[in-house]
Amino acid sequence: MELRFEELTRAYEGKKVLDLKAGAIVSGSRTGVIGPNGAGKSTLLNLIGGLDRADGGRIYYDGQKQIPKNEITQVFQTPYLITTTVEKNIAYPLKLRGWGEDEIEERVAQLCQELDLTGMRKKKAWKLSGGETQKVALARALSFHPRLLLLDEPTANIDPSTTAEIEKMLIKINEEEKTTVVLVTHNLAQAKRTCDRCLFLKSGQLIETGRADQILANP
Ligand code: ADP
Ligand code: ADP
């Protein structure tokens, strides 16, 4: 899914924290949103995902103004799971969408296999480690094959080996399903490993946009 924004602004308590003249997130890309703390990265992501409303400007999703809620999903730094088992968490969006039991089972089994969760399908969410919790949140987000996946510092509190698994999964779903991935991260090494394009924000402004290898060569 292609995103374009024009004259996008957001202020909190009278202070403008986002002021983007024009920009785009290329369809099928893995775009890193990078920049220092307070640059407006989360604000931009939350506007795209519809969790927050802009004060001015427009966002277009494949040319349309309407947010395609059924095709977008968001993963947060602190994952919130439902207080039930791993497999029920992953199945939840599919139940909401009316998938049949066999289709749900097939999809849950596939995601658990891909994220190495098969051995803990029956485990309760509150007994998981932080890394396991985030993997379940990612599996749940991916369950219905979203066309746009938004992630806000998903590995900030996660151990390196789980971080590597999550990064690998982002690349895989992007390559295999053409899911557009937008990853907010303060970690430039992560952006380098995971992303093919970058938006560099600073003080609410879009400073640079382009290929990740070019932008990250001289950060
Ligand atoms: P980043 O994700 O790049 O660290 P944020 O988008 O979270 O930046 O925040 C941009 C600025 O907006 C920061 O100065 C932050 O303190 C401020 N801000 C974000 N959300 C709110 C809010 N709900 N109320 C007041 N200020 C906010
Ligand atoms: P991130 O680390 O992802 O940039 P933050 O920790 O900046 O996120 O913000 C987490 C939440 O707190 C967001 O929902 C943001 O809108 C809100 N927030 C951020 N800064 C402020 C602030 N100065 N006042 C009130 N809420 C804020």
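One can find the structure itself at the top, above this paragraph.
On a predicted model such as this, the values are computed, not experimentally measured, just so you know. (Residues numbered from 1 in each chain as written. Chains lettered and ligands numbered in written order. Predicted model: local features only at pLDDT ≥ 70, side-chain atom pairs only at ≥ 80, totals over all residues. Heavy atoms only, no water.)

### Section: the sheet that holds strand E5 (residues 72–75)
Phase 1: Ordered in space as E5-E6-E7-E3-E8-E9, the six strands form an open sheet in which the pairing is mixed. Here the strands that pair on one side only, and so sit at the sheet edges, are E5 and strand E9 (205–211). The average angle at which neighbouring strand axes cross in this sheet is 15°, direction not considered.
Phase 2: Bridge analysis of strand E8 (residues 197–202) against E9 gives six bridges, and the strand direction is antiparallel. Each residue of the ladder has a partner; that of leucine 201, found in E9, is leucine 206.
Phase 3: On top of the sheet, helix H1 (residues 41–48) reaches strand E3 (30–34), E5, strand E6 (148–152), strand E7 (180–184) and E8; it is set at about 150° to E6, its chief contact.
Phase 4: Here helix H4 (residues 130–142) sits on the sheet in contact with E5 and E6, set at roughly 175° to E5. (Pairing = 2+ DSSP bridges. Helix = DSSP H or I, 4+ residues; strand = E, 2+ residues; numbered from the N terminus. Axes fitted to C-alpha atoms, helices over the stretch in contact; angles between N-to-C directions. Contact = heavy atoms within 4.5 Å.)

### Quick look at the sheet that holds strand E1 (residues 3–12)
Phase 1: One open sheet holds the three strands; their spatial order is E2-E1-E4, and the pairing between them is antiparallel. This sheet does not close on itself; its edge strands, each paired only once, are strand E2 (15–25) and strand E4 (56–61). On average, each strand axis in the sheet is inclined to that of its neighbour by 20°, with strand direction left out of account.
Phase 2: Strand direction decides the pairing type here: E1 and E4, joined by five bridges, are antiparallel. Bridge pairing in E4 links phenylalanine 5 to isoleucine 59.
Phase 3: Sitting on the sheet, H1 touches E1, E2 and E4, and the angle it makes with E1 is about 120°.

### Considerations on unusual backbone geometry
Phase 1: Backbone geometry at glutamate 13 places phi at a positive 50°, although glycine is not the residue there.
Phase 2: A relative accessible area of 86% means that glutamate 13 is categorised as exposed.
Phase 3: One non-glycine residue, histidine 145, adopts positive backbone phi at about 55°.
Phase 4: Within the element layout of this structure, histidine 145 appears in the loop between H4 and E6. (Buried < 20%, exposed > 50% of the residue type's maximum accessible area, 1.4 Å probe, protein only.)

### Some words on the pattern of salt bridges
Any two side chains of opposite charge can pair, on the condition that their charged atoms come close.
Phase 1: Counting across every chain of the model gives 16 salt bridges.
Phase 2: In this structure, the salt-bridge partner of lysine 172 is glutamate 176, at a minimum N-O distance of 3.4 Å. Of this pair, lysine 172 and glutamate 176 both sit in helix H5 (residues 160–177), four residues apart, which is roughly one turn of the helix.
Phase 3: Through salt bridges with shared partners, one network takes in Glu87, Glu105, Arg121 and Lys122. (Salt bridge = Lys/Arg side-chain N within 4 Å of Asp/Glu carboxyl O.)

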